[in-house]
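For reference, the chains in residue letters:
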Amino acid sequence: MGMLFVKRVIDLVGATVLLVLAAPVFAVVAVVIRVRMGRPVLFCQVRAGYHGKPFTLLKFRTMRVATGADGRPAPDADRLTSLGRMLRRTSLDELPQLINVLRGDMSLLGPRPLLMQYLPRYTPLQARRMNVKPGMAGWSQVNGRNALCWEEKLAMDAWYADNWSMWLDARIAVRSFWKIISLDGISHPGNATMPEFMGSPRKQNSHHLDRTTEKRV
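Here is a short report on the structure shown in this document.

Cut-offs and rules
Residues numbered from 1 in each chain as written. Predicted model: local features only at pLDDT ≥ 70, side-chain atom pairs only at ≥ 80, totals over all residues. Heavy atoms only, no water. 1 Å grid on protein atoms, 1.4 Å probe; cavity = no way out; pocket = protein on both sides within 12 Å on 5 of 7 lines; lining within 4 Å. Points joined across faces, edges and corners; volume = space filled by probe spheres on them. Nonpolar A, V, L, I, M, F, W, Y, C, P; charged D, E, K, R; others polar. Helix = DSSP H or I, 4+ residues; strand = E, 2+ residues; numbered from the N terminus. Polar contact = N/O pair within 3.5 Å; in protein donor to acceptor, adjacent residues only side chain to side chain. Contact = heavy atoms within 4.5 Å. Buried < 20%, exposed > 50% of the residue type's maximum accessible area, 1.4 Å probe, protein only. Pairing = 2+ DSSP bridges. Salt bridge = Lys/Arg side-chain N within 4 Å of Asp/Glu carboxyl O. Expected span 1.5 Å × (residues − 1). Phe/Tyr/Trp six-rings, centres within 6.5 Å; stacked < 30°, edge-to-face > 60°. Lys NZ or Arg CZ within 6 Å of the ring centre and 35° of its normal.

## A short note on empty space enclosed by the protein
- The final tally for this structure, using the stated rule, is 1 cavity of 30 Å³ or more.
- By volume, the largest cavity amounts to about 30 Å³.
- Surrounding the largest cavity, Ala48, Gly49, Pro111, Arg112, Pro113, Arg129, Met130, Val132 and Pro134 form its lining.
- Across the lining of the largest cavity, the residue classes tally to 6 nonpolar, 1 polar and 2 charged.

If you want it as structure tokens, here you go:
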């Protein structure tokens, strides 16, 4: 409990400082999105938080509103704008999540919050990622980001939840800085963003965590 309290204090102080420092950038990005793409400026979506509790994730909008002939949203590749690609490359679209951190929905560091409909698709191993609060940057992000397949990402998230420490968070924080600068792993190969997670073969996934983390720790 003591270390979790320290982590929460770091989240509060860190998010406050970052919001103050990034306020000019925050304002400029909001204005540019309003001019280039119109309203809304923010993208709000319900995601799964700690132990699967739903919360509303905040991001800067990177896609235009467009639907296909069937009335369903057009593919991400068709909706993602040039401004949106730039925001994603630089991770500026994630800035509003500092508000989520202040609210207590998220931590600065932890597994990325995913869609609610993924919860029943997780294997028992993958579901262990829900035992920690989601974060703006995590172990899978600094080890490949969206260039990884879902099984690798979720295995690393579960490993983080099982092995969390302040030292591990410090390593992630340093490596996150370089990951943003290098612009690696922004999208999954062959996709504009990341394809939907449809579930993993459970009998194959039981040993995937150890194989994945052995190569990257």
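We are not done yet, so read on.
## Side note on the side chain of Gln141
- With respect to the helices and strands, the residue Gln141 is situated in helix 5 (residues 139–142).
- At 3.4 Å, the side chain of Gln141 and the side chain of Ser140 are in polar contact.
- Non-local contacts of Gln141, meaning those with residues more than four positions away in its chain, are made with Gly110, Arg112, Lys153 and Lys179.

## Observations concerning the pairing of strand 2 (residues 54–60)
- Where burial is concerned, most of strand 2 is hidden: 5 out of the 7 residues are buried.
- When strand 1 (residues 42–48) meets strand 2, the two strands line up antiparallel, connected through 7 bridges. Along strand 2, the bridge assignment pairs Leu42 with Phe60.

## With respect to the pattern of salt bridges
- As enumerated under the stated definition, the model contains 7 salt bridges in all.
- The closest approach of N and O atoms between Arg121 and Glu196, which form a salt bridge, is 2.9 Å. With Arg121 in the loop between strand 3 (107–109) and strand 4 (135–137) and Glu196 in the loop between helix 7 (166–182) and helix 8 (202–205), this pair connects stretches of sequence that are 75 residues apart.
- Judged by its relative accessible area of 21%, Arg121 falls in the partly exposed class.
- The salt bridge partner of Asp157 is Arg129, with a shortest N-O separation of 2.8 Å. With Asp157 in helix 6 (residues 150–163) and Arg129 in the loop between strand 3 and strand 4, this residue pair connects regions lying 28 residues apart in the sequence. Neither Asp157 nor Arg129 differs from the other in exposure class; each is buried.
- One connected set of salt bridges, linked through shared partners, spans Lys59, Asp93, Glu94 and Arg112.

## Describing helix 6
- Between its terminal C-alpha atoms helix 6 stretches 20 Å, which fits the 20 Å expected from 14 residues at 1.5 Å a residue.
- Most of helix 6 sits out of view: 11 of its 14 residues are buried.
- Among the residues of helix 6, Trp150, Glu152, Lys153, Leu154, Ala155, Met156, Asp157, Ala158, Trp159, Tyr160 and Ala161 are the ones counted as buried.

## Brief notes about the packing of aromatic side chains
- Applying the stated criterion to the full structure yields 6 aromatic pairs.
- Plain terms: the ring middles of Tyr118 and Trp150 are 5.6 Å apart, the flat faces sit at 85° to each other, and that makes the pair edge-to-face. Here the residue Tyr118 occupies a position in the loop between strand 3 and strand 4, and Trp150 occupies one in helix 6, the gap between them amounting to 32 residues. Here the two residues Tyr118 and Trp150 agree in accessibility, since each one is buried.
- For Lys153, the ring lying beneath its charged end belongs to Trp150, and the centroid distance is 5.6 Å.

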